[in-house]
Amino acid sequence: MRRTCLALAAVALLAGCATPPPAPGSAASKVVTMGQLDDIEVGQMRVARENGYLTVNVALTNTSRSNRTLYYRFAWLGNDGFPVADEESWKALPLYGKQAKFLPAIAPTPAARDFRLEVHTR
């Protein structure tokens, strides 16, 4: 009986420490880390529709004192959640130590209703 209680307590403790998934529609739900993401913090995202095209502005911060390079690409999605444009190539964005920067993007087609930002560092 005592072992069962200890096991249940351990499971409850571990479940309480688990990181909850990001809320749908939140900035965190739009970011997919493809490998490592060292010392780069992805912050607020501003999304708007201008002249029929989805536009995005993402706040980035290098939390290290060292220079870092962020590799990124956007996946532009339709109402059904599937891509509506060809896959973008990876782009490099250098960030100096402790630098904060905004990353702007415009969807290549007016059919884009949502997006996913794929990121990694080396």
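Look above for the structure.
Just so it is clear, the model here is predicted, and its values are computed rather than measured.

*Asks:* If you had to explain the overall build of the protein to someone new, which residues and values would you point to?
*Replies:* A count of helices and strands for the protein gives two helices and seven strands. For the protein, contacts bridging at least 24 residues in sequence account for 67% of all contacts bridging at least 6. Surface accessibility of the protein: about 8200 Å² in total, with carbon and sulfur atoms responsible for 55%.

*Asks:* Tell me what's going on with the sheet that holds strand β7 (residues 114–120), and back it up with residues and numbers.
*Replies:* Hydrogen bonding along the main chain pairs the strands of a sheet, whether they run parallel or antiparallel. Taken together, four strands build an open sheet; the order of strands is β1-β7-β4-β5 and the sheet is mixed. Single-partner strands in this sheet number two, and they are β1 (31–33) and β5 (91–95). Going from strand to strand, the sheet's axes swing by 30° on average, the running direction of each strand aside. For strand β4 (residues 68–77) and β7, the ladder comprises seven bridges, and the chain directions are antiparallel. Paired with Y71 across the bridge in β7 is H120.

*Asks:* Explain the nonpolar core to me, and be specific about the residues and the numbers.
*Replies:* Most often, soluble globular proteins have nonpolar side chains that are buried together. Grouped together as the largest cluster of nonpolar side chains are 20 residues, with contacts concentrated most on V58, F74, W76, L103 and L117. Counting only elements with at least two residues in this core, the list comes to β2 (40–50), β3 (53–62), β4, β5, β6 (100–106) and β7.

*Asks:* Hey, could you go over the pairing of β2 for me, with residue numbers and the actual values?
*Replies:* Two strands pair when backbone bridges link them, and β2 and β3 are joined in this way by nine bridges, in the antiparallel orientation. Each bridged residue has a counterpart across the sheet, and for I40 the counterpart in β3 is N62.

*Asks:* How would you explain the pairing of β4 if you had to name every residue and give the values?
*Replies:* Of all ten residues that make up β4, eight are buried, and the element is covered over most of its length. The pairing of β4 with β5 spans five bridges and is antiparallel. Note on β5: the bridge partner recorded for L70 is L93.

*Asks:* Describe in detail the sheet that holds β3, supporting the description with residues and values.
*Replies:* Within the open sheet, the three strands sit side by side as β2-β3-β6. Their pairing is antiparallel. Edge positions in the open sheet fall to β2 and β6, since each of these has one partner strand only. When the angles between neighbouring strand axes are averaged without regard to direction, this sheet yields 20°.

*Asks:* Residue-level account of unusual backbone geometry, with values.
*Replies:* Here N51, not a glycine, exhibits a phi torsion of approximately 55°, which is positive. Looking at the element boundaries, N51 is found in the loop between β2 and β3. Although it is not a glycine, K98 adopts a positive phi angle of roughly 65°.

*Asks:* Residue-level account of the packing of aromatic side chains, with values.
*Replies:* The full count for this structure, using the stated rule, is four aromatic pairs. Residues Y72 and F74 carry aromatic rings whose centres are separated by 6.2 Å and whose planes lie at 80° to one another, so their mutual orientation is edge-to-face. The two residues Y72 and F74 agree in class, both being buried. With a centroid separation of 6.2 Å and an interplanar angle of 50°, the aromatic rings of W76 and F115 are classed as tilted. Separated by 39 residues along the polypeptide, W76 in strand β4 and F115 in strand β7 bring together distant segments of the chain. Through a chain of ring-to-ring contacts, three or more aromatic side chains come together here, namely Y72, F74, W76 and F115. K30 extends its terminal NZ or CZ atom over the ring of F115, reaching a point 5.5 Å from the ring centre.

Definitions and limits used
- Residues numbered from 1 in each chain as written.
- Predicted model: local features only at pLDDT ≥ 70, side-chain atom pairs only at ≥ 80, totals over all residues.
- Heavy atoms only, no water.
- Helix = DSSP H or I, 4+ residues; strand = E, 2+ residues; numbered from the N terminus.
- Contact = heavy atoms within 4.5 Å.
- Areas by Shrake-Rupley, 256 points an atom, 1.4 Å probe, with all protein chains shown as cover.
- Pairing = 2+ DSSP bridges.
- Axes fitted to C-alpha atoms, helices over the stretch in contact; angles between N-to-C directions.
- Core = buried A, V, L, I, M, F, W, Y, C linked by side-chain atoms within 4.5 Å.
- Buried < 20%, exposed > 50% of the residue type's maximum accessible area, 1.4 Å probe, protein only.
- Phe/Tyr/Trp six-rings, centres within 6.5 Å; stacked < 30°, edge-to-face > 60°.
- Lys NZ or Arg CZ within 6 Å of the ring centre and 35° of its normal.

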